[in-house]
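Working through the structure, step by step
Listed here are the chains, written in short residue letters.
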Amino acid sequence: MKVVLFCGGYGMRMRSGSASDVPKPMAMVGPRPLIWHVMRYYAHFGHREFILCLGYGAHHIKDFFLNYEETTSNDFVLRGGKARLLSTDISDWSISFVQTGIESPIGERLRRVREYLDGDEMFLANYADVLTDAPLATMIERFEKADAGASMMVVPPQSSFHCVEMDEGGLVGSITAVSEMPLWENGGYFVLRQEVFDHIPENGDLVADGCGELAKRGRLLAYPYRGFWKPTDTVKERFALDEGYTRGERPWALWENDRVVASIA
């Protein structure tokens with residue numbers, strides 16, 4: 001299945017204060033940028049045809065793949081000054097780089113790459129900066145069996161704040177962590193049918209317009225997930241993922257399990 005990735009936003013909340021045109025998906029986690037980790041996740045499940053919706057800082061993403069160095073994340077043998085790879089990351093990937101506008105909302109970015117989907121009835125879509133270890137195959141299978149136009153992962157609220165319940169006099173009755181409330185928020189990792197395009201107007205949004213209208217029609221499926229799911233909306237969140245990677249705590253890197261099995265075999 002083709003994978004559409006939205007990677008054209010400014011990522012202002014990821015800024016550390018220094019001037020830079022590096023888009024958020026190119027922020028590093030370990031030796032590779034966020035977008036690579038997201039794409040590697042999909043490739044792990046056999047989905048290796050990618051359509052990148054580019055915008056702000058697009059040349060950074062293009063340059064990364066045009067000058068891709070396999071030895072950064074793969075074992076190799078150096079003999080006679082030449083490297084012989086023992087494994088490869090992207091040799092079997094197909095990547096379409098599409099400029100979808102600097103200011104375009106996500107729904108409009110999706111509209112602008114529709115022709116690259118070749119009329120495929122189903123396809124995958126996601127943000128290029130959210131990591132998870134969710135069972136993608138199960139997510140897709142569940143959607144295939146459903147009478148729905150779109151599926152989206154939903155996760156518990158990630159906020160560390162607390163909600164306060166009080167009476168009219170200001171007397172507090174209870175304090176509850178937002179993460180413990182019976183609420184769910186958009187976690188990305190969409191599985192979509194062509195039907196979604198019927199509900200996204202020009203310069204519209206995928207979630208508010210496309211998914212919102214499908215929900216009104218009873219055709220939006222949610223995939224609740226309480227496992228590992230981490231956004232990178234802030235510098236702090238990206239640093240946490242990077243530090244975890246360094247410690248060997250990277251549950252999203254499901255492909256590393258394949259390497260362990262291969263080495264044992």
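The structure displayed is predicted, hence computed values, not measured ones.

What counts, and where the lines are drawn
- Residues numbered from 1 in each chain as written.
- Predicted model: local features only at pLDDT ≥ 70, side-chain atom pairs only at ≥ 80, totals over all residues.
- Heavy atoms only, no water.
- Salt bridge = Lys/Arg side-chain N within 4 Å of Asp/Glu carboxyl O.
- Buried < 20%, exposed > 50% of the residue type's maximum accessible area, 1.4 Å probe, protein only.
- Phe/Tyr/Trp six-rings, centres within 6.5 Å; stacked < 30°, edge-to-face > 60°.
- Helix = DSSP H or I, 4+ residues; strand = E, 2+ residues; numbered from the N terminus.
- Lys NZ or Arg CZ within 6 Å of the ring centre and 35° of its normal.
- Pairing = 2+ DSSP bridges.
- pLDDT = per-residue confidence, 0-100.
- Contact = heavy atoms within 4.5 Å.
- Polar contact = N/O pair within 3.5 Å; in protein donor to acceptor, adjacent residues only side chain to side chain.
- Core = buried A, V, L, I, M, F, W, Y, C linked by side-chain atoms within 4.5 Å.
- Arc of directions from axis to C-beta.

**Comments concerning the pattern of salt bridges**
Taken as a whole and judged by the stated rule, the model has 16 salt bridges. A salt bridge links Arg247 to Glu249; the nearest nitrogen and oxygen atoms lie 3.0 Å apart. By relative accessible area, which is 46% here, Glu249 ends up partly exposed.

**Brief notes about the packing of aromatic side chains**
By the definition in use, this model includes 14 aromatic pairs. Between Phe6 and Tyr127, the ring centres sit 6.3 Å apart and the planes meet at 55 degrees, which makes this aromatic pair tilted. Of this pair, Phe6 sits in strand β1 (residues 2-7) while Tyr127 sits in strand β8 (residues 122-127), placing them 121 residues apart in sequence. Accessibility assignment for this pair places Phe6 and Tyr127 in one class, buried. When the centroid spacing of 6.1 Å and the interplanar angle of 25 degrees are considered together, the rings of Tyr42 and Tyr189 count as stacked. In this pair, Tyr42 sits in helix α1 (residues 34-44) while Tyr189 sits in the loop between β13 (185-186) and β14 (190-193), placing the two residues 147 residues apart along the sequence. By relative accessible area, which is 0% here, Tyr42 ends up buried. By way of ring pairs, the aromatic residues Tyr41, Tyr42, Phe45 and Tyr189 are connected into one cluster. Of note, Arg193 hangs over the ring of Phe143, and the distance from its end group to the ring centre comes to 4.3 Å.

**Quick notes on the pairing of β1**
Of all 6 residues that make up β1, 6 are buried, and the element is covered over most of its length. A two-sided burial pattern is seen for β1, the buried positions comprising Lys2, Val4 and Phe6 on one face and Val3, Leu5 and Cys7 on the other. By the bridge criterion, 4 bridges tie β1 to β8 in an arrangement that is parallel. Bridging from a neighbouring strand, Val3 pairs with Leu124 of β8.

**Some words on the confidence of the model for the chain**
Averaged over all residues, the pLDDT of the chain equals 88, while 91% of them reach at least 70. Per-element mean pLDDT across the chain ranges from 59 in helix α7 (residues 255-264) up to 98 in β14. In the predicted structure, residues 12-19 sits below a pLDDT of 50 and forms 16 contacts with residues beyond four places in sequence or in another chain. Of the regions scoring below 50 in pLDDT, residues 260-265 engages in 0 contacts with residues more than four places distant in sequence or in other chains.

**Focus on the side chain of Lys24**
Here Lys24 shows up in the loop between β1 and β2 (28-29). A distance of 2.9 Å separates the side chain of Lys24 from the side chain of Asp129, its partner in a polar contact. Separated by 3.2 Å, the side chains of Lys24 and Asp233 make a polar contact.

**Describing the nonpolar core**
Counting residues in each nonpolar core, the largest one holds 72 residues, and the members touching the most others are Val4, Tyr42, Leu52 and Leu110. The element that contributes the greatest number of residues to this core is α1, accounting for 8 residues. The residues contacting Val4, other than those within four sequence positions of it, are Ile51, Cys53, Leu110, Val113, Leu117, Phe123, Leu124, Ala125 and Asn126.

**Describing helix α2 (residues 58-66)**
By the burial criterion, the buried members of α2 are Ala58, Ile61, Phe64 and Phe65. Down the axis of α2, the buried set is contained in an arc of 130 degrees. They therefore lie on one face. Buried residues along α2 sit against β1, β3 (32-33), α1, β4 (49-54) and β7 (94-99).

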